[in-house]
Amino acid sequence: SPPEEADAVTLAIFEVKMVDGEAVYSKSNTIAEPNNAGDNTDSAEYVVLAVGTDGEPLATQPVGLVGNVDVNVGAVLDNEAGDAADAYADNDSVGTQTVALGQTFTVTAEDDIFADNGETFEVTLVKDSLTTEADYEEIIYDDKAVVTTIEDATKPEGEPPVSPPEEADAVTLAIFEVKM
């Protein structure tokens, strides 16, 4: 049954990393395409949690707060050009997915061969999507997105990462004469 001590429950989405055995939550992060020589991994974990009035996760999640909620992994945006890149070409997730409250889910970067360092995508909660929402007096959905930046790969797929980063992915073009 739902928690009785609160009239309203606010849900928020966070990127979560384990640092020295402790969960650290944030609203922004950086991941890298595979074969990046930098310090960032090619995936990030996210979680939906109940938060206090300060927007920070409650130290103890409310007893009985259960259910699934929808999250949206937004299209990748190219910061340098200011336009949308091919949606989901740089990560392995699809637009909307259903996740369990308090359980982490992962988005992994994909190497798209383009030199488009600094693309970003947002992970947001979908309002009114909690499967057990009718059990609660009020569910408030935090509208602050987690913004994830993707660093470009520094070597073609299949080659081991290098350190420090060298050149970006390359594409070879050839022109052929067609005789009819």
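Residues numbered from 1 in each chain as written. Predicted model: local features only at pLDDT ≥ 70, side-chain atom pairs only at ≥ 80, totals over all residues. Heavy atoms only, no water.

### Details of unusual backbone geometry
Most of the time, phi is negative for any residue but glycine, and the peptide bond is trans. To be explicit about the condition: By definition, any uninterrupted DSSP run of H or I lasting at least four residues is a helix, any uninterrupted run of E lasting at least two residues is a strand, and each is numbered from the N terminus. Whether a residue is buried, partly exposed or exposed follows from its accessible area with a 1.4 Å probe, protein chains only, as a fraction of its type maximum: under 20%, in between, or over 50%, in that order.
Positive phi is not limited to glycine here, since Asp20 has a value of about 50 degrees. By the element assignment, Asp20 lies in the loop between β1 (8–19) and β2 (22–26). Judged by relative accessible area, Asp20 falls into the exposed class, the value being 79%. Unlike most non-glycine residues, Asp128 shows phi in positive territory, near 60 degrees.

### Structural notes on the environment of Glu45
Inclusion rule: Should any heavy atoms of two residues lie within 4.5 Å, those residues are considered in contact.
The residue Glu45 is located in strand β4 (residues 43–51) in this model. Glu45 sits in the partly exposed class, given a relative accessible area of 35%. Each C-alpha atom, one on Glu45 and one on Thr104, is 6.0 Å from the other, the two residues being 59 residues apart in sequence. Each residue touching Glu45, except ones within four places of it in the same chain, is listed here: Phe14, Glu15, Val16, Thr104, Phe105 and Thr106.

### A few points about the pattern of salt bridges
Selection criterion: A side-chain nitrogen of Lys or Arg and a carboxyl oxygen of Asp or Glu constitute a salt bridge if their distance falls within 4 Å.
Applying the stated criterion to the full structure yields two salt bridges. With a shortest N-O distance of 3.2 Å, Lys27 and Asp142 are connected by a salt bridge. Here Asp142 lies in the loop between β11 (138–141) and β12 (146–151) and Lys27 lies in the loop between β2 and β3 (28–32), a separation of 115 residues in the sequence. A relative accessible area of 23% means that Lys27 is categorised as partly exposed. Relative accessible area serves as the criterion here: at 15%, Asp142 is assigned to the buried category. Salt-bridge contacts for Asp142 lead to Lys144; the nearest nitrogen and oxygen are separated by 3.5 Å. When salt bridges with common partners are traced through the structure, they connect Lys27, Asp142 and Lys144 into a single cluster.

### Examining the confidence of the model for the protein
Applied cut-off: On a scale of 0 to 100, pLDDT captures the predictor's confidence in every residue.
Residues of the protein with pLDDT of at least 70 account for 68%, and the chain-wide mean is 77. No element of the protein has a lower mean pLDDT than strand β7 (residues 83–84), which averages 42, and none a higher one than β11, which averages 94. Across residues 78–88, where pLDDT falls below 50, the model places 21 contacts with residues more than four positions away in sequence or in other chains. Taken together, the stretch residues 161–168 has pLDDT below 50 and engages in 16 contacts with residues farther than four places along the chain or on a different chain.

### Comments concerning the pairing of strand β10 (residues 119–125)
Counted only if it meets this: In short, DSSP must find at least two bridges between two strands for them to pair.
Of all seven residues that make up β10, five are buried, and the element is covered over most of its length. In the sheet, strand β5 (residues 68–73) pairs with β10 via three bridges, with the strands oriented antiparallel. In the strand pairing of β10, Asn72 is matched with Thr124. Taken together, the five bridges between β10 and β12 define a ladder with antiparallel strand orientation.

### Some remarks on the nonpolar core
Filter applied, for reference: Throughout this description, the term nonpolar core refers to a set of buried Ala, Val, Leu, Ile, Met, Phe, Trp, Tyr and Cys residues connected via side-chain atoms within 4.5 Å.
Leu11 and Val48 are the most contacted members of the largest nonpolar core, which totals 26 residues. When contributions to this core are tallied by element, the ones reaching two or more residues are β1, β4, β5, β9 (105–108), β10, β11 and β12. Leave out the neighbours within four places in its chain, and Leu11 touches Val48, Leu49, Ala50, Leu65, Leu101, Leu125, Leu130, Ile139, Ile140, Tyr141 and Asp142. Counting residues in each nonpolar core, the second largest holds six residues, with Ala12, Phe14, Val16 and Leu49 among its members.

### Quick notes on the environment of Thr98
The condition is simple: Side-chain atoms alone can form a polar contact between residues adjacent in sequence; in general such a contact is a pair of N or O atoms within 3.5 Å, and within protein one must be able to donate a hydrogen while the other accepts it.
Its place among the elements puts Thr98 in strand β8 (residues 96–100). Sequence spacing of Thr98 and Thr131 is 33 residues, and the spatial spacing of their C-alpha atoms is 9.7 Å. In contact with Thr98, other than residues within four places in its own chain, are Asn68, Val69 and Asp70. At 2.6 Å, the side chain of Thr98 forms a polar contact with the side chain of Asp70.

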